[in-house]
Structures are given as C-alpha cells and as structure tokens.
Amino acid sequence: MRESSRAQLGDVAVPDGTAAPPRGLIIFLNGTSSSGKSSIADALLHTLDEPCFHMPVDSFHAMRSRKELSPDDLRAVLHRTWRGFHRAVAGMADGGNTVVVDHVLSQPWRLRDCLGLFAPRDVVFVGVRCSRQEVERRERARGDRPTGLAAAQMENVHAHGVYDIECDTTSTGPAQCARQIKDFLPRRPTPTAFEKLRLIHQGRAGQGGETGAAGPTGT
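Residues numbered from 1 in each chain as written. Predicted model: local features only at pLDDT ≥ 70, side-chain atom pairs only at ≥ 80, totals over all residues. Heavy atoms only, no water.

Peer 1: Would you mind going over the side chain of Asp113 with me for this structure?
Peer 2: Structurally, Asp113 is set in helix 4 (residues 108–117). A relative accessible area of 7% means that Asp113 is categorised as buried. In this structure the side chain of Asp113 is engaged in a polar contact, spanning 2.9 Å, whose partner is the side chain of Arg87. (Helix = DSSP H or I, 4+ residues; strand = E, 2+ residues; numbered from the N terminus. Buried < 20%, exposed > 50% of the residue type's maximum accessible area, 1.4 Å probe, protein only. Polar contact = N/O pair within 3.5 Å; in protein donor to acceptor, adjacent residues only side chain to side chain.)

Peer 1: Sorry if this is basic, but what is going on with the packing of aromatic side chains here?
Peer 2: Scanning all chains against the criterion turns up 8 aromatic pairs. Considering the side-chain rings of Phe118 and Phe194, the 6.3 Å spacing of their centres and the 15° angle between planes classify their relative orientation as stacked. Taken as a pair, Phe118 in the loop between helix 4 and strand 6 (123–129) and Phe194 in helix 8 (residues 193–206) lie far apart in primary sequence, 76 residues in all. The class for Phe118 is buried, based on a relative accessible area of 2%. Here a set of aromatic residues connected by ring pairs shows up, and it is made of Phe28, Phe118, Phe125, Tyr163 and Phe194. (Phe/Tyr/Trp six-rings, centres within 6.5 Å; stacked < 30°, edge-to-face > 60°.)

Peer 1: Hey, could you run me through the layout of surface pockets in this one?
Peer 2: Where empty space is left in the structure can be found by rolling a water-sized probe over the atoms. Taken as a whole, the largest pocket encloses approximately 670 Å³ of empty space. As for the largest pocket, its lining consists of 25 residues, of which Ser33, Asp58, Val104, Arg145 and Leu149 are closest to the centre. The computed volume of the second largest pocket comes to approximately 190 Å³. For the lining of the second largest pocket, the elements supplying multiple residues, two or more each, are helix 4 and helix 8. (1 Å grid on protein atoms, 1.4 Å probe; cavity = no way out; pocket = protein on both sides within 12 Å on 5 of 7 lines; lining within 4 Å. Points joined across faces, edges and corners; volume = space filled by probe spheres on them.)

Peer 1: Explanation requested: the sheet that holds strand 3 (residues 26–30) in the structure shown.
Peer 2: Strands sit in the order 4-5-3-6-7 across an open sheet of 5 strands; the sheet is parallel. Single-partner strands in this sheet number two, and they are strand 4 (52–56) and strand 7 (165–168). Going from strand to strand, the sheet's axes swing by 20° on average, the running direction of each strand aside. In this structure, strand 4 lies alongside strand 5 (residues 98–103), joined through 5 bridges in parallel fashion. Across the sheet, residue Pro56 finds its bridge partner in strand 5, namely Asp102. (Pairing = 2+ DSSP bridges. Axes fitted to C-alpha atoms, helices over the stretch in contact; angles between N-to-C directions.)

From the geometry alone we can't say anything about function, so treat these as descriptive.
Okay, structure coming up:
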C-alpha cells in the first residue's frame with residue numbers, strides 16, 4: 001500500500017479514515033486495604049467476556065526506585081504517583097480498553113482528581129466493603145501492611161456515599177462478587193454514580209467549597 005494512503009501513528013500504520021475506538025469501561029473498585037479488591041479484580045479478569053486489564057495502584061508504587069526520601073519528599077512523590085496512576089487509567093480507557101481499577105479513596109482529592117479525568121458515563125463505581133474484624137484478621141495474616149491501616153481508612157474511604165453497586169467480602173467470595181458485577185453491567189443506572197458525584201463536586205466548587213486536587217503535600 002502506498003505511503004500516502006496510510007496515516008502514521010508512531011511506528012504503527014493506521015488506515016486512513018479509521019475511527020478512534022470507543023472509550024473503554026472503567027470498573028472502579030474502592031475499599032480499604034485488605035478488603036478484597038485485588039481478589040475481586042483477579043476474578044473479574046476470568047469472569048468478564050471481553051479482554052480487560054487489572055491496574056492496581058500497588059503496581060505503580062512498586063515501580064518506584066527504593067531511594068531513601070525525607071518525609072516531605074516522600075509525600076510529594078506519593079502524590080505524584082497517585083496522579084500518574086489516575087492518568088494512566090484514563091489513557092487506557094481512552095484507548096478503548098476495559099480497565100479494572102482497585103483504589104483506596106482515603107483522601108478526598110483522589111476522588112476529585114478521578115472525577116475530572118474519567119468519562120463519568122464509562123465508570124462503574126463499586127464499593128468493596130468488609131467488616132472491621134475481618135479486615136484486621138486479613139491484615140494480620142498477610143503481614144505486609146502496617147497494623148491498623150485498614151481500620152484507619154474505614155472512616156474516609158466510603159465518605160462520598162454514592163456507588164453503582166456494592167459488594168461485601170466479609171462472607172462473600174471474590175468469584176461471587178465478580179459475578180455480581182458482571183451481571184450488573186447490562187443494567188447500569190442513569191445517571192451513574194460518577195455522574196452524580198461530578199455534579200455534586202461541581203456544585204461545591206461553584207460555591208467555593210473546593211479548589212480542586214490537593215497540593216503536593218497530600219498523599
């Protein structure tokens with residue numbers, strides 16, 4: 001094929017007139033540490049019919065070099081890591097990919113940042129809940145989290161109060177939760193939870209109640 005009949009995108013040739021793919025779905029799992037988000041995400045990869053990607057924020061933290069940092073520098077780096085993670089998720093979804101995200105919305109700016117980046121109609125917002133007793137038991141069993149982390153997050157992580165669907169992993173296994181989410185997808189509500197939350201936050205910003213994402217000291 002002649003060069004003039006193809007549009008070039010980096011090293012990849014794309015036929016002229018090819019429409020951009022529709023945005024992919026973001027299945028957004030939010031809950032405390034040890035609530036079972038990653039297990040549900042893994043189950044979703046085996047349950048959903050279409051190809052999808054699990055993007056856990058822990059993987060982004062794991063990419064970072066292990067250089068010693070002062071507390072202030074570490075807070076700034078963590079903040080940039082979260083911001084970069086959000087934008088990577090948005091980029092994957094914009095490319096037409098279905099993305100399963102596990103997240104901890106323990107800081108209000110994280111939700112605000114996501115509301116500004118993600119197409120709200122394309123987000124399925126899933127609340128992952130678990131009893132305090134059970135998350136503490138899991139935290140002790142896994143041994144790779146600070147003691148009390150999940151309990152400390154409980155008050156804030158669900159403070160926004162709006163979801164499309166919720167799962168309780170206290171006694172429900174990840175495969176069953178994944179099936180519940182899959183069965184829910186064809187009957188997603190209008191407006192979605194993210195559409196509702198964006199309107200709420202836009203209203204607060206208009207009243208001077210919010211000024212956008214936190215500065216570099218927020219983690």
